[in-house]
Amino acid sequence: MSVPEGNGVNNICMLPANATEVTKEWLLDTMTDTIGTLEDLKVEINKVSDSDKVGFLSSALRATIQGVDGNGESVSYRVFIKLLPEEEALKDLVSATCVDITEVETFNKLFKDLIEFEKKRCDESTLINIIPKVYQSNFSRDNAAAHRGSYIIMEDLSPNYTMPDINDGLPIEHVLKVLEAAAVFHATTFCYKKICDIDYFAKYPFLSRNVSSLATNQPFLDFLQVGLGQLVKHMESTEHHLLFI
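Bear in mind the structure is a predicted one, so any value in this text is a computation, not a measurement.

*Asks:* Give a description of the sheet that holds strand E3 (residues 74–83) that names residues and reports values.
*Replies:* One open sheet holds the five strands; their spatial order is E1-E2-E3-E5-E4, and the pairing between them is antiparallel. Two strands close off the open sheet at either side, each with one partner strand: strand E1 (39–47) and strand E4 (134–140). Averaged over all adjacent pairs, the angle separating strand axes in this sheet is 20 degrees, with direction ignored. As paired strands, E1 and strand E2 (residues 59–68) are joined by seven bridges and run antiparallel to one another. Following the sheet pairing, Glu44 is matched in E2 by Thr64. Sitting on the sheet, helix H4 (residues 99–122) is in contact with E3, E4 and strand E5 (149–155), with an inclination near 140 degrees to E4.

*Asks:* Before we move on, can you summarise the state of the cysteines with the specific residues and values?
*Replies:* Counted according to the given criterion, the structure contains zero disulfides. Of the cysteine sulfurs around Cys122, a residue in no disulfide, the closest is that of Cys191, at 8.1 Å.

*Asks:* Explain the pattern of salt bridges residue by residue, including any values.
*Replies:* Inspection of the entire model under this criterion finds four salt bridges. One salt bridge connects Lys82 with Glu103, and the closest N-O pair in it is separated by 2.9 Å. In this pair, Lys82 is assigned in strand E3 and Glu103 in helix H4, connecting sequence segments 21 residues apart. Judged by relative accessible area, which is 25%, Glu103 ranks as partly exposed.

*Asks:* Break down the pairing of E5 for me, with residues and values.
*Replies:* In terms of burial, E5 is largely enclosed, as six of its seven residues are buried. Where E3 and E5 come together, five bridges link them in antiparallel fashion. Looking at E5, one finds that Phe80 is bridged to Met154. The pairing of E4 with E5 spans six bridges and is antiparallel. The residue bridging Ser137 from the neighbouring strand is Ile152, located in E5.

Cut-off values and rules
- Residues numbered from 1 in each chain as written.
- Predicted model: local features only at pLDDT ≥ 70, side-chain atom pairs only at ≥ 80, totals over all residues.
- Heavy atoms only, no water.
- Pairing = 2+ DSSP bridges.
- Helix = DSSP H or I, 4+ residues; strand = E, 2+ residues; numbered from the N terminus.
- Axes fitted to C-alpha atoms, helices over the stretch in contact; angles between N-to-C directions.
- Contact = heavy atoms within 4.5 Å.
- Disulfide = S-S within 2.5 Å.
- Salt bridge = Lys/Arg side-chain N within 4 Å of Asp/Glu carboxyl O.
- Buried < 20%, exposed > 50% of the residue type's maximum accessible area, 1.4 Å probe, protein only.

Here is the structure:
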């Protein structure tokens, strides 16, 4: 494991170099601020199988933490853990574009501020029901092989949702749900900028860093071109494609 040297957002814990370093001890130590002190602990960690990882840009594990809190109540956490991908080509792509670091900072800075803005202006937040809960996250920008890394520990939504086959696309009902959620997000960011006079790239510099790195990364551009071709082909083959024109 490597030390992130304070570059992360939340818990400054050792960064796992790969899935085998995500041990029960590491998970409990990293989740201490969330779960507190529990008795009768039971922890189970399972790596997400390759057949379930179509479309993933990270290594992934699922874990459950069960125990009894100080009030004698049984508590349970189901978490989804994201790490840098193990495949060298994907790891190089993610490291070069810093998409993992952008994800960590987006969850812990931008999303947090947008939710607080919603609560102040509307008394409640719609985004909080759209964005998965992140318990802990951290990263290191050091590109040396021994130090570059990241992790996100978030709520596991798999009991209620499944990852579709990326090659099959989504049914129209799901596409519309995605567009509705995206509309809420973009409306909130627009209002936040206008009302609070926010310069996004100044307040959240990781956004501009990610845009500039992606725009000049040829493997990513090639990957994007293939994906767009698949999207156009899929839209032309469905009776609903005129909805998006």
